[in-house]
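# Secondary and tertiary structure notes
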Amino acid sequence: MADEIVTGSGAGAQAHLAAIYRQEASVALADRASLRMHPSLGNLGTDIIMGAPAQKGAIYDLDVLEFTSVGEIATIANTALTSSEFTCTPTRHGLAHALSDTVSMKNVDGALNPVRLAQSIAGGVGTTFTSLACDLFDAWSSVGSTGVAFSLATVRAGQAALRAAAVPGPYMMVISPQQLSSFITDLDTRGAHIQWNPATPEMAALRGPGFQGTWDNIEVFTSTRVNESSGDYSGGMWGRGAIGFKEEVNLPGAGADVMVNVGPLLIEIDRQARESTSGLVGSYRLGLASIEAARGRRLLST
């Protein structure tokens, strides 16, 4: 295994300290936002069989067709349904850490231990999910412009486009921290800040990291996983039915030394005695798809 945690450099060098010097461990500033449990994303179910085929789904124009006027004893003609199809294919995603035995012995503050590293791997489920969700925005129709700061006009354009497409609300918006900063600044200059409702502690606990508040009944999240190109960001706004996800249960192989096995997440212990390292290998099986792209809009801006 490459990139082990050793005493010569990186995190291992910080852990390998003289016994008389005790360092309190802290968690680095980073984006830990997760969209996995948000109700605006549709859960397409969990496969028990690993490597199950891709899920194909059909979308029909049900509940929207009108009756037609017919005369007495006239035959009512059949009305054909129209449909479209989407595909969601779960794939394996991996994350691994390894500690040298020397680091394990010299790690005076105990921060680098198997349990804590397993928790970190589990936390990667949420960040991986959010990153894959943000990748879907690039395939949606766009509002806003490259080279132009994010503003109230960007949000209004996305909102208007979804309303024009008859997408039911409430809407969800995921933008970069830079886009949110520009948005709040623009609201201040317009005197429209009164419509901005920052996240309360209760709502932040309910929605999780990344939730910033609501504006005009739109839930606003930020994530550094929003795609960026040459200083331009591709945020997203959507209504329910735009995004779906599917997970697969991870079944360990024969002889596996399992530390965590919870549905789509499997964490195995990887002991390499010849190298004197102990590793943790996490596997997460997930697929995301745009169920109906017309229910979402890409928000382009600097």
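Residues numbered from 1 in each chain as written. Predicted model: local features only at pLDDT ≥ 70, side-chain atom pairs only at ≥ 80, totals over all residues. Heavy atoms only, no water.

### Considerations on the environment of Gly-144
We count it as follows: In this text, helices come from DSSP runs of H or I with a minimum length of four residues, and strands from runs of E with a minimum of two, each type numbered from the N-terminal end. Contacts are assigned to residue pairs with any non-hydrogen atoms lying within 4.5 Å of each other.
Along the chain, Gly-144 falls in strand S5 (residues 142-144). Not counting residues up to four positions away in its chain, the partners in contact with Gly-144 are Thr-154 and Leu-300.

### A look at helix H5 (residues 177-190)
To keep things clear, this is the line we draw: The length a helix should cover is 1.5 Å for every residue beyond the first. Any residue under 20% of the maximum accessible area for its type is buried, any over 50% is exposed, and the rest in between are partly exposed; the area is computed with a 1.4 Å probe on protein chains only.
For H5, with 14 residues, the first-to-last C-alpha span of 20 Å sits near the 20 Å given by 1.5 Å per residue. Within the sequence span of H5, burial applies to Gln-179, Leu-180, Ser-182, Phe-183, Ile-184, Asp-186 and Leu-187. One or two positions beyond H5, positive phi appears at Gly-191, with a value near 70°.

### Some words on the confidence of the model for the chain
Quick note on the threshold: Residue-level confidence of the predictor is what pLDDT reports, using numbers from 0 through 100.
Here the chain shows a mean pLDDT of 87. Residues at 70 or above account for 86%. A low-confidence stretch, residues 16-25 stays under pLDDT 50, and its non-local contacts, those more than four residues away or across chains, total 14 contacts.

### Description of the packing of helix H4 (residues 152-164) against H5
This is how it is decided: Here the axes come from fitting lines to C-alpha atoms, over the contacting stretch only for helices, and the angles between their N-to-C directions go from 0 to 180 degrees. Throughout, the term roughly parallel applies to angles under 35 degrees, roughly antiparallel to angles over 145, roughly perpendicular to angles from 65 to 115, and oblique to all others. Gly is placed with the polar residues, together with every amino acid not listed as nonpolar (Ala, Val, Leu, Ile, Met, Phe, Trp, Tyr, Cys and Pro) or charged (Asp, Glu, Lys and Arg).
Where H4 meets H5, the closest approach of the two axes is 8 Å, and the angle between their N-to-C directions is 100°. Relative to H5, the element H4 lies roughly perpendicular. In this structure, H4 contributes Leu-152, Ala-153 and Val-155 to the contact, and H5 contributes Phe-183, Asp-186, Leu-187 and Arg-190. Across the contact of H4 with H5, the residue classes tally to 5 nonpolar, no polar and 2 charged.

### With respect to the side chain of Ser-151
For Ser-151, the position within the fold is in the loop between S5 and H4. Ser-151 gets classed as buried once you look at its relative accessible area, which sits at 14%. Those residues within four positions of Ser-151 in sequence are excluded, and the remaining contacts are Phe-183 and Asp-186.

### Topic: the packing of aromatic side chains
For the record, the criterion: The rule is short: rings of Phe, Tyr and Trp, with Trp giving its six-membered ring, pair when the centres are within 6.5 Å, and they are stacked under 30 degrees, edge-to-face over 60, tilted in between.
Within this structure, the stated rule accounts for 8 aromatic pairs. Measuring from centroid to centroid gives 5.3 Å for Phe-137 and Trp-140, while their planes differ by 40°, and the two rings are tilted. By the burial criterion, Phe-137 is buried, and Trp-140 matches it. When the centroid spacing of 5.9 Å and the interplanar angle of 90° are considered together, the rings of Phe-150 and Phe-183 count as edge-to-face. With Phe-150 in the loop between S5 and H4 and Phe-183 in helix H5, this pair connects stretches of sequence that are 33 residues apart. Grouping aromatic residues by their ring pairs yields a cluster made of Phe-150, Phe-183, Trp-196 and Trp-215.

### Observations concerning the environment of Gly-210
For Gly-210, the location among the structural elements is in the loop between helix H6 (201-207) and strand S8 (211-215). Sequence-distant contacts of Gly-210, defined by excluding residues within four places in its chain, comprise Ala-33, Val-220, Phe-221 and Thr-222.

### Looking at the side chain of Thr-127
The condition that has to hold: N or O atoms closer than or at 3.5 Å make up a polar contact, with two conditions inside protein: a donor-capable atom paired with an acceptor-capable one, and, for residues adjacent in sequence, both atoms drawn from side chains.
With respect to the helices, strands and loops of the structure, Thr-127 is situated in helix H3 (residues 114-136). For Thr-127, a relative accessible area of 17% corresponds to the buried category. A distance of 3.1 Å separates a polar side-chain atom of Thr-127 from the backbone oxygen of Gly-124. Ignoring anything within four residues of it in the chain, the contact list for Thr-127 reads Asp-31, Arg-32, Ala-33 and Arg-225.

### Some words on a nonpolar patch on the surface
To be explicit about the condition: Each patch is assembled from residues with relative accessible area greater than 30% and no salt bridge, linking like charges that lie within 9 Å and nonpolar side chains (Val, Leu, Ile, Met, Phe, Trp, Tyr) that lie within 5 Å. For the accessible areas, the method is Shrake-Rupley and the probe is 1.4 Å, while residue cover comes only from the protein chains on display. Here, a salt bridge means any side-chain nitrogen of Lys or Arg that lies within 4 Å of a carboxyl oxygen of Asp or Glu.
Residues Tyr-60, Leu-62, Val-64, Leu-65 and Leu-81 make up a contiguous nonpolar surface patch of about 490 Å² in total accessible area. One can find Leu-65 in the loop between strand S2 (55-60) and strand S3 (83-88).

### Overview of the pattern of salt bridges
Overall, the coordinates contain 8 salt bridges when judged by the stated rule. Between Arg-36 and Glu-247 there is a salt bridge, and its shortest N-O distance comes to 2.8 Å. Of this pair, Arg-36 sits in the loop between helix H1 (10-15) and strand S1 (41-47) while Glu-247 sits in strand S12 (residues 243-248), and the two are 211 residues apart along the sequence. On the accessibility criterion, Arg-36 (23% relative accessible area) is partly exposed. With a shortest N-O distance of 2.9 Å, Arg-207 and Glu-219 are connected by a salt bridge. A residue pair is termed long-range when its members are at least 10 positions apart, and Arg-207 in helix H6 and Glu-219 in strand S9 (residues 218-222) qualify at 12 residues. For Arg-207, a relative accessible area of 23% corresponds to the partly exposed category.

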